[in-house]
Amino acid sequence: MPTPPIRVEWPDAALDGLAAAVERLADQATAADKAAPLNDEALFALAGHGQPAAHVAVWEAAGTLAGYGQLGPGASAQVVVAPESRRRGVGLALVQAIWEAEPAAEFWAFGNLPAAQGLARRLGARPVRELLCLERALGTGPALATGAIPPLPAAETPPGAVLRAFQPADLDGLVAVNARAFARHPEQGRWTRADVEVRLAADWFDPAGLLVAADEQTGSPVGFLWTKLHAADGSDASTVGSNGATAAPARGEVYVVAVDPAWAGQGVGRALLAAGLAYLAGRGLREAFLYVEGDQARAQRLYRGFGFSAVRSDIRYAAGKPAEGRRRGDGGGSSHGTAADTGASGGAVGDGREER
Ligand SMILES: CC(C)(COP(=O)(O)OP(=O)(O)OC[C@H]1O[C@@H](n2cnc3c(N)ncnc32)[C@H](O)[C@@H]1OP(=O)(O)O)[C@@H](O)C(=O)NCCC(=O)NCCS
């Protein structure tokens, strides 16, 4: 029997059942690939929160979702095909539809799986950005005593600053610090009050895991470190926090670290990181992980000094057109040293300083 042509649709996000069908598909792909195909921004946009995005879908004759793609702010795109619908041209059709609508679209390949590399080769796409996932073991007592796990550095708060947990009154200060720390960052720097609020309401949010470095005099935030707890299988759907999710946490993510450029170079980031890791270890988690840009040498040095090492790389691909004038990320050709619009779940570090 001849294969029917692949029909790509551009459904409305509010379409009945689209969000649920995509979440199901993403869960199946996560289980098959051991890497989540969509990041937080994509899931929030799909749920009608966060920044607006366009959606592409391919449906099976039976009405199930065969493949899904999203074109978000900054021409950032993501594509996933259901495991049982692969190698039938669905991925190719989704990417081509998105490139037809937005030739500058860049695609995230979380985990840069062999299939994504194959698809990129087939399309003549080229890597334009690398996001590394770094990890370190956590643990207390016997594991630390054997020396198998590197000890956690102490949190030495720099003079003039205090470390404390987030309070609701910090919201505007936190948004302002984030904007200054990520001023030249394509995605992270755009966070509005609403973007933060949607995360404060997420089921994985734990107020004790959002650490704030505040000016001792004024009490205003000068930096913050946001952690996120995940269950053992690593899927976003099973993240765990005080807003409602229930599975036992096993891994802790250093989700965002931001330091006001006015306070850069004074050890605020180190203090936040040490305190954040101590918090995660105190929750009894097995490991901590974070995302950092592949070209952020200084941030990587900081993390490696804290015992982190690279376990995965996410690649962003662009159409293989001439490179002149293109910028990294959204994309700025600058080597500015802030991080990422995220790996599978989030993640950014920044203090607004130049990198390299
Ligand atoms: C990557 C992904 C979207 C491909 O979807 P798909 O519908 O199976 O891909 P297609 O059938 O359209 O494949 C088109 C071409 O890509 C290449 N390709 C696809 N899967 C491949 C694989 N597993 N190994 C090698 N090449 C592969 C081939 O050249 C293929 O053409 P061919 O089948 O004629 O040889 C899918 O595997 C997926 O959802 N992966 C998880 C999410 C992800 O990595 N997304 C990032 C996309 S950049």
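Every value quoted in this text rests on a predicted model; they were computed, and no experiment measured them.

1. Some thoughts on the overall build of the chain
- When helices and strands are counted, the chain shows nine helices and 13 strands.
- Counting across all 356 residues of the chain, residues that qualify as buried make up 46%.
- Sequence-distant contacts in the chain: of pairs separated by 6 or more residues, those separated by 24 or more amount to 74%.

2. So, the environment of Gly209
- Following the sequence through the fold, Gly209 ends up in the loop between helix 7 (193–200) and strand 8 (210–215).
- If sequence neighbours within four positions are ignored, Gly209 has contacts with Thr227, Leu229 and Tyr279.

3. Digging into the site of the ligand
- As a matter of local geometry, the ligand sits amid 23 residues, with Arg86, Gly91, Leu92, Ala115 and Gly118 nearest to it.
- Here the element with the most residues in the shell around the ligand is helix 4 (residues 114–123); it accounts for six residues.
- Looking at the shell around the ligand residue by residue, the class counts come to 15 nonpolar, three polar and five charged.

4. Some thoughts on the pairing of strand 12 (residues 309–318)
- Here strand 5 (residues 106–109) pairs with strand 12 via four bridges, running antiparallel. Among the inter-strand pairings, Phe107 is bridged to a residue of strand 12, identified as Tyr317.
- Alignment of strand 6 (residues 126–137) against strand 12, held across nine bridges, turns out to be antiparallel. Bridge pairing in strand 12 places Glu135 opposite Ser309.

5. Digging into the packing of helix 3 (residues 90–101) against helix 4
- Put simply, helix 3 and helix 4 touch, their axes get as near as 11 Å, and they point 55 degrees apart. Classed by the angle they form, the pair helix 3 and helix 4 counts as oblique. Here helix 3 and helix 4 pass one another in a crossing that is right-handed. Facing helix 3, whose interface residues are Gly91, Leu92 and Val95, helix 4 presents Leu119, Arg122 and Leu123.
- Of the residues assigned to the contact of helix 3 with helix 4, the class counts are four nonpolar, one polar and one charged.

6. Some remarks on the pairing of strand 5
- The alternating pattern of strand 5 places Glu106 and Trp108 and Phe107 and Ala109 on opposite faces, both of which are buried.
- Sheet topology note: the strand 4 (residues 76–81)/strand 5 ladder contains two bridges and is parallel. In the strand pairing of strand 5, Ala77 is matched with Phe107.
- Taken together, strand 4, helix 3 and strand 5 form a β-α-β motif whose crossover is right-handed.

7. Details of the nonpolar core
- By size, the foremost hydrophobic cluster in this structure holds 50 residues, and its most contacted members are Leu211, Ala213, Phe224 and Leu272.
- It is helix 8 (residues 268–282) that provides the largest number of residues to this core, a total of nine residues.
- Residues in contact with Ala213, not counting those within four places in the same chain, are Ala161, Leu163, Pro221, Val222, Gly223, Phe224, Val268, Ala271 and Leu272.
- Judged by nonpolar contacts, the second largest core, of 42 residues, contains Ala21, Val81, Phe107 and Ala109.

8. A word on helix 1 (residues 18–33)
- With 16 residues, helix 1 should cover 22 Å at 1.5 Å per step; its first-to-last C-alpha distance of 22 Å lies within 8% of that length.
- Among all positions of helix 1, only Ala21, Val22, Leu25, Ala26, Ala29 and Thr30 are buried.
- Where helix 1 is buried, its residues contact helix 2 (40–46), strand 3 (65–71) and strand 4.
- Looking at the residues trailing helix 1, positive phi occurs at Lys34, about 60 degrees.

9. Observations regarding helix 4
- Within helix 4 the residues assigned to the buried category are Ala116, Leu119 and Ala120. Across the axial projection of helix 4, the buried residues extend over an arc of 100 degrees, all falling on one side. Opposite its buried face, helix 4 presents the exposed residues Pro114, Gly118, Arg121 and Arg122, each directed more than 90 degrees away.
- Those residues of helix 4 that are buried lie in contact with helix 3, strand 5 and strand 12.
- Following helix 4 by one or two positions, Gly124 adopts a phi angle in the positive range, close to 70 degrees.

10. Side note on the environment of Phe289
- When you line up the elements, Phe289 lands in strand 11 (residues 287–293).
- With 154 residues separating them along the chain, Phe289 and Glu135 place their C-alpha atoms 4.2 Å apart.
- Excluding residues that lie within four positions of it along the chain, Phe289 makes contacts with Cys133, Leu134, Glu135, Arg251 and Glu253.

11. Brief notes about unusual backbone geometry
- A positive phi is found at Lys34, a non-glycine position, where the angle reads about 60 degrees.
- You can see Lys34 is positioned in the loop between helix 1 and helix 2.
- Lys34 gets classed as partly exposed once you count the C-beta atoms within 10 Å, which come to 13.
- Residue Ala75 is not a glycine yet carries a positive backbone phi of 55 degrees.

12. Here we look at the confidence of the model for the chain
- Chain-level pLDDT for the chain is 84 on average; 82% of the residues reach the 70-or-more range.
- Scored below 50 in pLDDT, residues 322–347 shows 93 contacts in the model against residues more than four places distant or in partner chains.
- Of the regions scoring below 50 in pLDDT, residues 352–356 engages in 21 contacts with residues more than four places distant in sequence or in other chains.

Cut-offs and rules
- Residues numbered from 1 in each chain as written.
- Predicted model: local features only at pLDDT ≥ 70, side-chain atom pairs only at ≥ 80, totals over all residues.
- Helix = DSSP H or I, 4+ residues; strand = E, 2+ residues; numbered from the N terminus.
- Buried ≥ 20, exposed ≤ 12 C-beta atoms within 10 Å, placed from the backbone.
- Contact = placed C-beta atoms within 7 Å.
- Near = placed C-beta within 6 Å.
- Nonpolar A, V, L, I, M, F, W, Y, C, P; charged D, E, K, R; others polar.
- Pairing = 2+ DSSP bridges.
- Axes fitted to C-alpha atoms, helices over the stretch in contact; angles between N-to-C directions.
- Parallel < 35°, antiparallel > 145°, perpendicular 65-115°, else oblique.
- Left-handed = near helix turned anticlockwise from the far one by under 90°.
- Right-handed = clockwise from strand over helix to strand, strands pointing away.
- Core = buried A, V, L, I, M, F, W, Y, C linked by C-beta atoms within 7 Å.
- Expected span 1.5 Å × (residues − 1).
- Arc of directions from axis to C-beta.
- pLDDT = per-residue confidence, 0-100.

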